[in-house]
Structures are given as structure tokens and as C-alpha cells.
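Tertiary structure, described
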Number of protein chains: 2
Amino acid sequence: MMEVIKPMDIEKRSFEIITEILGERQLPPENELVIKRVIHTSADFDYVDNLCFSEGAVARALEALRGGCDIVTDTQMARAGINKTILGRLGGQVHCFMSDEDVAKEARERGITRATVSMERAAALDKPCIFAIGNAPTALFSLDAQIKAGKIRPALIIGVPVGFVNVVESKEMIMEAGVPYIVARGRKGGSNVAAAICNALLYQIQR
Amino acid sequence: MMEVIKPMDIEKRSFEIITEILGERQLPPENELVIKRVIHTSADFDYVDNLCFSEGAVARALEALRGGCDIVTDTQMARAGINKTILGRLGGQVHCFMSDEDVAKEARERGITRATVSMERAAALDKPCIFAIGNAPTALFSLDAQIKAGKIRPALIIGVPVGFVNVVESKEMIMEAGVPYIVARGRKGGSNVAAAICNALLYQIQR
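Here's a quick rundown of the structure.

Across the boundary between the two partners, chain B contributes 39 residues, which contact 39 residues of chain A. In total, chain B and chain A occlude about 2,900 Å² of area from one another, counting both sides; carbon and sulfur atoms represent 72% of this. The tally of links between chain B and chain A comes to two salt bridges. A salt bridge links B:Asp44 to A:Lys188, with the shortest nitrogen-to-oxygen separation between them at 3.9 Å. Where chain B meets chain A, there are one residue pair in polar contact (both at pLDDT 80 or more). Element by element, the count of residues in the side of chain B that touches chain A is highest for helix 1 (residues 7–22) of chain B, at seven residues. Counted by class, the side of chain B that touches chain A contains 20 nonpolar, 13 polar and six charged residues.

With that out of the way, let us pick up helix 4 (residues 57–66) of chain A. Residues and elements named next belong to chain A. Listed as buried for helix 4 are Ala57, Val58, Ala61, Leu62, Ala64 and Leu65. Buried residues of helix 4, viewed axially, fall in a sector of 160 degrees; they line one side. Opposite the buried face of helix 4, by more than 90 degrees, sit the exposed residues Glu63 and Arg66. Looking at the residues trailing helix 4, positive phi occurs at Gly68, about 90 degrees.

The subject of this paragraph is the sheet that holds strand 3 (residues 94–95) of chain B. Residues and elements named next belong to chain B. Pairing within the open sheet is mixed, and its six strands lie in the order 1-6-5-4-2-3. Two strands close off the open sheet at either side, each with one partner strand: strand 1 (51–53) and strand 3. Judged from the three bridges that link them, strand 1 and strand 6 (residues 181–184) form a sheet pairing that is antiparallel. Along strand 6, the bridge assignment pairs Cys52 with Val183. Sitting on the sheet, helix 11 (residues 191–203) is in contact with strand 1, strand 2 (70–73), strand 4 (129–133), strand 5 (156–159) and strand 6, with an inclination near 140 degrees to strand 5.

So, on to the sheet that holds strand 1 (residues 51–53) of chain A. Whether parallel or antiparallel, the strands of a sheet pair through hydrogen bonds between backbone atoms. Residues and elements named next belong to chain A. The strand order 1-6-5-4-2-3 describes an open sheet built from six strands, whose pairing is mixed. This sheet does not close on itself; its edge strands, each paired only once, are strand 1 and strand 3 (94–95). When strand 5 (residues 156–159) meets strand 6 (residues 181–184), the two strands line up parallel, connected through three bridges. In the sheet register, Gly159 faces strand 6, and the bridge partner there is Val183.

Okay, the packing of aromatic side chains next. Where two aromatic rings form a pair, the distance of their centres and the angle of their planes describe that pair. For the structure shown, the criterion picks out two aromatic pairs over all chains. Between A:Phe45 and B:Phe164, the ring centres sit 6.0 Å apart and the planes meet at 85 degrees, which makes this aromatic pair edge-to-face. One end of the pair, A:Phe45, is in the loop between helix 2 (32–42) and helix 3 (47–50); the other, B:Phe164, is in the loop between strand 5 and helix 10 (167–174), on a second chain. The class for B:Phe164 is buried, based on a relative accessible area of 9%.

Calculation notes
- Sequence positions are assigned chain by chain, starting from 1 and proceeding in written order.
- Ligands are numbered from 1 and chains lettered from A, in the order in which they are written.
- Given that this is a predicted model, residues contribute local features only at a pLDDT of at least 70 and side-chain atom pairs are listed and counted only at 80 or more, while totals for whole chains, interfaces and linings are drawn from all residues.
- Each side-chain value is worked out from all heavy atoms of the structure, with water and hydrogens disregarded.
- Two residues qualify as a contact provided that any one of their heavy atoms is within 4.5 Å of a heavy atom in the partner residue.
- Defined in terms of a 1.4 Å probe, buried area is the accessible area two parts forfeit on being brought together, summed over both.
- We count a salt bridge whenever a side-chain nitrogen from Lys or Arg sits within 4 Å of a carboxyl oxygen from Asp or Glu.
- Counted as a polar contact is a pair of N or O atoms within 3.5 Å, where, for protein atoms, one must be capable of donating a hydrogen and the other of accepting one, and residues adjacent in sequence contribute only when both atoms are in side chains.
- A run of DSSP states H or I qualifies as a helix once it reaches four residues; a run of E qualifies as a strand once it reaches two. Both are numbered from the N-terminal end.
- Amino acids are sorted into nonpolar (Ala, Val, Leu, Ile, Met, Phe, Trp, Tyr, Cys and Pro), charged (Asp, Glu, Lys and Arg) and polar (every other residue, Gly among them).
- For the exposure calls, accessible area comes from a 1.4 Å probe over protein chains only, and a residue counts as buried if that area is under 20% of its type's maximum, exposed if over 50%, partly exposed in between.
- The arc refers to the directions leading from the helix axis to the C-beta atoms.
- Pairing between strands is defined by DSSP: at least two bridges between them are needed.
- Angular values range over 0 to 180 degrees, each being the angle between N-to-C directions of two axes fitted as lines to C-alpha atoms, with helices fitted over their stretch in contact.
- Stacked, tilted and edge-to-face pairs are distinguished by plane angle, under 30 degrees for stacked and over 60 for edge-to-face with tilted covering the rest, among Phe, Tyr and Trp rings (Trp via its six-membered ring) whose centres lie within 6.5 Å.

Right under this line is the structure:
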């Protein structure tokens, strides 16, 4: 039977059920809200084990967001899902260059992905940025190369592309890049997961 | 190591890997492309068993899309993810009423979800529609009530809300509503899954 519950209580009840299902499984307190929100958005408890956090990643991300940093993402779906009201109040905005015509043109000419070109565009932003990568492993490869070249210094990389080609490798690589990260190890992830992680961070600052 | 592969070949290779992993598991030919695209978007093979299709659902959906039907969805993320270029060429468009101010106002006043109000708005569209529900079980409850009341006759319901409160029940209910459906049984689903199913249908008509 349908549970009769007010709209604003649905999310609260969902988190209670997630907590019940997790049972005695302890989550690191600083990462707990991120992990639970990813489960909330996917109903997939694999993320309890998949999600990897560099030391202090959440604290550093919250500091960056409070300071008004922007978020760069590689999909329009993640852009649509990120809470732009809260981000905007903090002074930040979301960028996604994937559908820009000149990005598509340059990618075709160079025979590379639009995600790679998009990350090069992002390097030109004159602001601290969180990168939320939910689709393209090539975005992570590009970020890694640009970090090594000293062209970019992300406040945080959310590395959650999903899929079967180069996805696993791209995530392992970005965890060695020497910047704060939240990564869903393995094949799983997606735009919804990228947006959920951004929102889990934003909601810790404001609701 | 990173596999060197051209952008346009990544999707093709992904589908090959999915087919390899599925091994001897046979999928119904008419549903195969939908199931594989959902796995492609989630890397979650649970969908092989979760996805339920009413008889002839895909054929009827393709017919509706070829005829220029619209798609109504309950999330901006799904709207962002659906291929609007192909849909537009066929004569259709995507609607999402969730962020409309008057929808939010009416939902507050009546103490119901925005999704419920959004589905009522959709009933007023004077066109055949596919409903792609990736988030709100209340959207499915509303559709069920409106079908029973003879107010709405969906060409297809894609019932893939995700979560922990009323989600499972809403999907079981909509499978009994007497309209064509594609449903992800259980807790899993999401905007990404809703968009992937729409695109799997659209790509069977045009790429």
C-alpha cells in the first residue's frame, strides 16, 4: 500500500530508510551525506563501497563553495540537476561547454571528444572550480594532463563517469593526480550521481 | 591502460562489451536496444531483470513517436537528456512542468507534490504523449487516477522513478493501468534511465 506522506517529508523518510538498510555499516561522518545522497538518487548500495574520497575532500569542497567557486560539468543533465539557486546565492555558477558549437567544431577538426575540448575551455575560467564529470572519461584524462601541465588546479574533481570504455582507467588515473577528489570507483556513475554529489555538498551549506 | 578509440566508436564498443558480458543471456529482440541502452547509461546489469515491458510496448511507442507525439517528463534532468533534435524532426517536443511557478504554487496550496500538479497540466495537452517518469512516484499515481477517470490516454508510460518511499508500489500500480508501459520494477530507476529509454526509442527511428 501507498504510504501517506507529505511531499517535504518524502526525502527525510527516504534517508531514514537508507540508514536502516545500512544497519551497522558505519560511514565516515564527513562523507556520510554524500554517500547517502548518491544512494538516494540511484537506489544502488554499491556506492557505499565504490565511492572514494581523498583526505579532507568534502571539507575542502565546502570551503571552495562557500568562497563562491563555480562548477564545471561535462553533461547538460548534470547541469540541469545541480541546485543552481543555492550555488548562485554562494556566488557560483554551473558551466557546461559540451553543446557549444565551437567546441563541437574544434573536436571534429582535432578528432578528439567534445569533453576534452570542454575541459580546455574550462581551464580558461578565471575562478576556482569544482569539476563534476558524470559521463566522459576523456574529460578526466584531459584534466589530468592539464593538472600535470600546471594549467589547471581544481578545487575538487568529482570523477563519476559511467560506462565500459576507459571509464575505470580514467578514475584510477585521476585519483593519482594530486588534487582533492570524490570518485565512484569502477564502471558505475553518471550525470545523476555527479549532480547528487554536488547537491549533497551544497545542502550542507544551505537548504 | 587507456584504450585508444575514436569518439564515434566509443558507444559502439560499449554496446559490444555489454553484449559480451550478457553472454548467453537472450533478450527479447524488440526490447533489446532499450535494455542495453539503460545498461549503457547506468553500468547496472540489474536492469536486465528489472525492466518490464507490456506486450508490444516498443512497437507502439515507435509508432507514436513517428506520428509526432510529445514526451512529458517529471524532471529537468530527463528533459536535458532526451534527444530533442530527433524528437523535433519527428514533430514532437519535450514538456516538463515541474519548475513552472504556478505549478509550485498550486502544489503548496493543495499540499500535494509538484509532480501531481504537473501530470494534471499534461492532461490538458491536446496531443498524444509518452510519459517519462524518472523521479516522482506521485506522478505515476496521478497518471493512474487520470487514466481511470478517462482524462488521459498515454501512448506509453515509462515508469522508472527511483527511491524508497512509494516507488515500488507506484510501479506495480501503473503496470495494471491498462496502458503500454516500460517499467523498472523495484527501487531503481532515475532521470538518466528515463532519458535513456526515450533515446533508445528515438535512435531506432533515426540517428
